[in-house]
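Fold and geometry: a report
So you can see what is in the structure, the chains are spelled out below.
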Amino acid sequence: MKVKSFYDGVRDALPTALGYISIGLACGVVASPYLSPLEMGLMSLLVYAGASQFAMIAMLAASQSLLDITLTVFLINLRNMLMSLHTSPDFKEASLLHNVGIGSLLTDESYGVYLSEKLRNPHVSVSWMHGNNLVGYIAWFFATVIGTALGSLLPNPEMFGLDFALVAMFIGIFVAQFQGMRQTEKVKTMLEVLLAVALTFFVLSIFVSQSVAVLAATLLGCFVGVVRDDA
């Protein structure tokens, strides 16, 4: 089978760029009362995580401490480490620099594109993965910066309810990845993951805040999925 190139990765990831652009614009508009376009651009380049950036903006608005913001972002992004662990066997022959680049720019969306590609081609090339990742990185950067610039022109950005875009993003990610799992995983495995997430959330929500319960349930669900995938 033909080894796909960097440009093949770009082409395969282009449909997801629409998602990056729409959510990125919403994120920028929501951030506009608290960040300048330059600050938003730096956040997108250095943090590059939709859920974490929405959380950071909310915490900045609430004047939370730097330590609280850092810990929250760390917990939210732990799932990216699990996704990177799952993709790393395909790139074990690549250099450390290539692996760091792939892991640093891996997102829920580019991971979903990767899973779809694995269904068609068991040998995913390093150059294809870079193309897949960079489409989202560039689209997200420009979308958030433009969104912040546009939001600064609006008298009251919150009135549009664009912060709900984070919820919509997670729903879209869940549906896309669940559809991918249906083709690669056993129904029993998917039910075990969903059950682990549901039980963890309902039990922990009795003792801790819902945000902490969601983070813990997500991490446990990822852990169960990784363990069952290796079994």
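These numbers come from a predicted model, not from an experiment. (Residues numbered from 1 in each chain as written. Predicted model: local features only at pLDDT ≥ 70, side-chain atom pairs only at ≥ 80, totals over all residues. Heavy atoms only, no water.)

1. Details of the overall build of the chain
This is how the line gets drawn: Counting from the N terminus, the helices are DSSP H or I runs at least four residues long and the strands are E runs at least two residues long. Only protein chains enter the calculation, and the probe is 1.4 Å; a residue is then buried if its accessible area is under 20% of its type maximum, exposed if over 50%, and partly exposed in between. Throughout, a contact is declared for two residues whenever any of their heavy atoms are within 4.5 Å. Using a 1.4 Å probe, the Shrake-Rupley method yields the accessible areas, and only the shown protein chains count as cover for residues.
Within the chain, the secondary structure is distributed over 11 helices and zero strands. Counting from the amino terminus, the chain carries its helices and strands in the arrangement α-α-α-α-α-α-α-α-α-α-α. In the chain, buried positions account for 39% of the 231 residues. Across the chain, contacts joining residues at least 24 apart in sequence account for 75% of those joining residues at least 6 apart. If you sum the accessible surface of the chain, you get close to 12900 Å²; carbon and sulfur atoms cover 72% of it.

2. Here's the deal with the environment of F91
Mapped onto the elements, F91 comes out in the loop between α5 (78–87) and α6 (96–105). Separated by 11 residues in the primary sequence, F91 and I102 have C-alpha atoms spaced 9.2 Å apart. Residues in contact with F91, not counting those within four places in the same chain, are N99, I102, V124, S125, V126 and M129.

3. A short note on the nonpolar core
The condition is simple: Grouping buried Ala, Val, Leu, Ile, Met, Phe, Trp, Tyr and Cys residues that are joined through side-chain atoms within 4.5 Å yields what is termed a nonpolar core.
Counting residues in hydrophobic clusters, the biggest one holds 22 residues, and the most contacted among them are C27, M40, Y48, I57 and W140. When residues in this core are grouped by element, the largest group, seven residues, is from helix α1 (residues 6–31). Apart from residues lying up to four places away in sequence, Y48 is in contact with Y20, M43, Q53, S104, L105, T107, N133, G136, Y137 and W140. Counting 13 residues, the second largest nonpolar core, distinct from the first, contains L106, Y114, V126 and W128.

4. Some details on the packing of helix α2 (residues 37–46) against helix α8 (residues 126–151)
Let me state the cut-off plainly: Helix axes use the C-alpha atoms of the stretch in contact, all axes being lines fitted to C-alpha atoms, and the angles between their N-to-C directions lie in the range 0 to 180 degrees. For classification, angles of less than 35 degrees are called roughly parallel, those exceeding 145 degrees roughly antiparallel, those between 65 and 115 degrees roughly perpendicular, and all remaining angles oblique. Note: crossing handedness is left-handed where the near helix turns anticlockwise from the far helix by less than a right angle, and right-handed where it turns clockwise.
Following both chains from N to C, one finds α2 and α8 inclined at 160°, their axes separated by 8 Å at the closest point. In terms of their interaxial angle, α2 and α8 are classed as roughly antiparallel. Judged by the sense of rotation from one axis to the other, the crossing of α2 with α8 is right-handed. Residues P37, M40, G41, S44 and L45 of α2 form the contact with α8, whose own contacting residues are Y137, W140, F141, T144, V145, T148 and A149.

5. Concerning the packing of α1 against helix α7 (residues 108–120)
Two elements in contact, α1 and α7, have axes whose closest approach is 10 Å; the angle formed by their N-to-C orientations is 155°. Considered as vectors, α1 and α7 are oriented roughly antiparallel to each other. In this structure, α1 crosses over α7, and the sense of that crossing is right-handed. Here D12, T16 and Y20 of α1 come into contact with α7, specifically with E109, S110, V113 and E117.

6. Thoughts on the side chain of T144
Definition in use: A 3.5 Å cut-off defines polar contacts: any pair of N or O atoms within that distance qualifies, except that in protein one atom must be a possible hydrogen donor and the other a possible acceptor, and neighbouring residues in sequence count only when both atoms are side-chain atoms.
One can find T144 in helix α8. Separated by 2.7 Å, the side chains of T144 and S44 make a polar contact. Apart from residues lying up to four places away in sequence, T144 is in contact with G24, C27, G28, M40 and S44.

7. Considering the confidence of the model for the chain
Do not read the predicted coordinates in detail wherever pLDDT is low. Rules: The predictor attaches a confidence to each residue, called pLDDT, with possible values from 0 through 100.
The share of residues in the chain with pLDDT of 70 or more is 79%, and the mean pLDDT across the chain is 81. Mean pLDDT values over the elements of the chain span from 57, in helix α9 (residues 165–184), up to 95, in α2.

8. Concerning the pattern of salt bridges
The cut-off we apply is this: The working definition used for a salt bridge is a side-chain nitrogen of Lys or Arg within 4 Å of a carboxyl oxygen of Asp or Glu.
Per the stated rule, a full pass over the model turns up six salt bridges. Residue E117 is joined to K4 by a salt bridge in which the shortest nitrogen-to-oxygen separation is 3.2 Å. Pair noted here: E117 is in helix α7 and K4 is in the segment before α1, with a separation of 113 residues, a long-range link. Judged by its relative accessible area of 1%, E117 is buried. What you see here is one network of salt bridges that share partners, running through K4, D8, R11, D12, E117 and R120.

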